[in-house]
Amino acid sequence: MANGQWFPQDWPERIRALADGTLTPVVPKRAATVMLLKDTADGPAVHMLRRRASMAFAGGAYAYPGGGVDPRDDDHQIRWAGPTRAWWSERLGVTETEAQAIVCAAVRETYEEAGVLLAGPAPDSVVGDTTGADWEADRAALVARELSFAEFLERRGLVLRSDLLGAWTRWITPEFESRRYDTWFFVAALPAGQRTRNASTEADRTVWIAPADAAASYDKGELLMMPPTIATLRQLTPYAAAAEALAAAPGRDLTPVLARARLDGEEIVLSWPGHEEFTKHIPTGGATA
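Below, the structure is looked at part by part. None of these values were measured; they are calculated from a predicted model.

Rules used in this analysis
Residues numbered from 1 in each chain as written. Predicted model: local features only at pLDDT ≥ 70, side-chain atom pairs only at ≥ 80, totals over all residues. Heavy atoms only, no water. Helix = DSSP H or I, 4+ residues; strand = E, 2+ residues; numbered from the N terminus. Buried < 20%, exposed > 50% of the residue type's maximum accessible area, 1.4 Å probe, protein only. Contact = heavy atoms within 4.5 Å. Areas by Shrake-Rupley, 256 points an atom, 1.4 Å probe, with all protein chains shown as cover. Polar contact = N/O pair within 3.5 Å; in protein donor to acceptor, adjacent residues only side chain to side chain. Core = buried A, V, L, I, M, F, W, Y, C linked by side-chain atoms within 4.5 Å. Salt bridge = Lys/Arg side-chain N within 4 Å of Asp/Glu carboxyl O. Pairing = 2+ DSSP bridges. Axes fitted to C-alpha atoms, helices over the stretch in contact; angles between N-to-C directions.

1. Remarks on the overall build of the protein
Of the regular secondary structure elements, the protein holds eight helices and 14 strands. Taken across its 289 residues, the protein has 52% of its residues classed as buried. Contacts in the protein between residues at least 24 apart in sequence constitute 70% of all its contacts with a sequence separation of at least 6. Accessible surface, the protein as shown: approximately 12500 Å² in total, 49% of it carbon and sulfur.

Here is the structure:
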């Protein structure tokens, strides 16, 4: 492969099955992921983790902290700072309760997988170091789903800082995939006083890396990534500071990106609208080009 695009071996077979009507698409699960940025002397760096090779979905690929929405966060009213739930509902294209749950997922997953918490005791504050034993106990309970994020915030008397997030893009896993996610990508800056760590059992490595450097390594085939990951890295490269990326987020188009597959003679053509670099021509025998 000329680059580091993640490409499951069963895609050709599943694409053919979808085309001939023998495959029923799985309903995608709601999810959120966060491109966490910090400023360096050379510009912003983004926090990335490498998924363990044993993972069923995108094993070995570099990604951002993220995961599925917890339905328990849909209705539980939490202390909230920043744009209203109604604003987020319009921005994300979902109901207000769904918007709350998606934003909660973004903040929760960043805490679970990177140890960074976008919340504070007041609407204009953020917690400091979250590496103590008591914090870790709560983080472990969140990971195990023994504790909902709404319950966590309530127990600690914290306000969720939705104003520290910017909705960046939305990608939906292709219809022919066996595991499907409707994922909202957010951008956020590392809060002062906090630091990242590899807190995820799903990752074997974490890095802070300039988006341009990560994209170059992908182009060389050195870093494996899924299409939305490399696409968002390329979108981040023009910004000279984390604050610039956050300021640009409200103007971003959140129309979902969904891959399309069609049969064209002796090959399958796989494409992502608006992202021509990911187009693949797959001979019916299964090889990729």
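2. Looking at the side chain of Gln 194
Mapping Gln 194 onto the fold places it in the loop between strand 9 (181–189) and strand 10 (203–209). A distance of 3.0 Å separates a polar atom in the side chain of Gln 194 from the backbone oxygen of Val 127. Excluding its chain neighbours within four sequence positions, the residues that come into contact with Gln 194 are Gly 115, Val 116, Leu 117, Val 126, Val 127, Gly 128 and Thr 130.

3. Notes on the nonpolar core
Looking at soluble globular proteins, one finds that nonpolar side chains tend to be buried together. Formed by 39 residues in total, the largest nonpolar core has its most connected members in Leu 92, Leu 117, Phe 152, Leu 165 and Phe 186. If you list the elements that add at least two residues to this core, you get strand 1 (29–40), helix 2 (85–92), helix 3 (96–114), helix 4 (133–143), helix 5 (149–156), strand 8 (165–172) and strand 9. Broken down by element, this core gets its largest block of residues, nine residues, from helix 3. Contact partners of Leu 117, with chain neighbours within four places excluded, come to Val 107, Tyr 111, Val 126, Val 127, Thr 130, Trp 135, Phe 149, Phe 152, Leu 158, Pro 191 and Gln 194.

4. Quick look at the pattern of salt bridges
Summed over all chains, the structure comprises 15 salt bridges. For Glu 109, the salt bridge goes to Arg 145, with nearest N and O atoms at 3.4 Å. In this pair, Glu 109 is assigned in helix 3 and Arg 145 in the loop between helix 4 and helix 5, connecting sequence segments 36 residues apart. In this structure Arg 145 comes out as partly exposed when scored by relative accessible area, which is 33%. Notably, a salt bridge pairs Arg 145 with Glu 112, separated by 2.8 Å at the nearest N-O pair. Here Glu 112 lies in helix 3 and Arg 145 lies in the loop between helix 4 and helix 5, a separation of 33 residues in the sequence. When salt bridges with common partners are traced through the structure, they connect Arg 108, Glu 109, Glu 112 and Arg 145 into a single cluster.

5. Digging into the sheet that holds strand 14 (residues 275–283)
Read across the sheet, three strands follow the order 12-13-14 without closing on themselves; strand pairing throughout is antiparallel. Two strands bound the open sheet, and with one partner strand each, they are strand 12 (260–264) and strand 14. For this sheet, the mean inter-axis angle between neighbouring strands, taken without regard to orientation, is 20°. Two elements, strand 12 and strand 13 (residues 267–272), share five bridges in a ladder whose sense is antiparallel. Within strand 13, the position partnered with Leu 263 by the bridge is Ile 268. Relative to the sheet, helix 7 (residues 227–236) contacts strand 13 and strand 14, its axis offset from that of strand 14 by approximately 155°.

6. Describing the pairing of strand 13
Turn length for the strand 12-strand 13 hairpin, with the two strands adjacent in sequence and antiparallel, is two residues, and the turn residue Gly 265 shows positive phi of about 65°. The pairing of strand 13 with strand 14 spans five bridges and is classified as antiparallel. Within strand 14, the residue paired with Leu 270 across the bridge is Lys 280. Between strand 13 and strand 14, which pair antiparallel and follow one another directly, the connecting turn spans two residues, one of which, Gly 274, has a positive phi of 85°.

7. A short note on the sheet that holds strand 7 (residues 159–161)
Strand pairing within a sheet occurs via backbone hydrogen bonds; the two strands may be parallel or antiparallel. In spatial order, the strands read 5-7-6; together these three strands make up an open sheet with mixed pairing. Two strands in the sheet have a free side with no partner beyond their single neighbour: strand 5 (80–81) and strand 6 (119–120).

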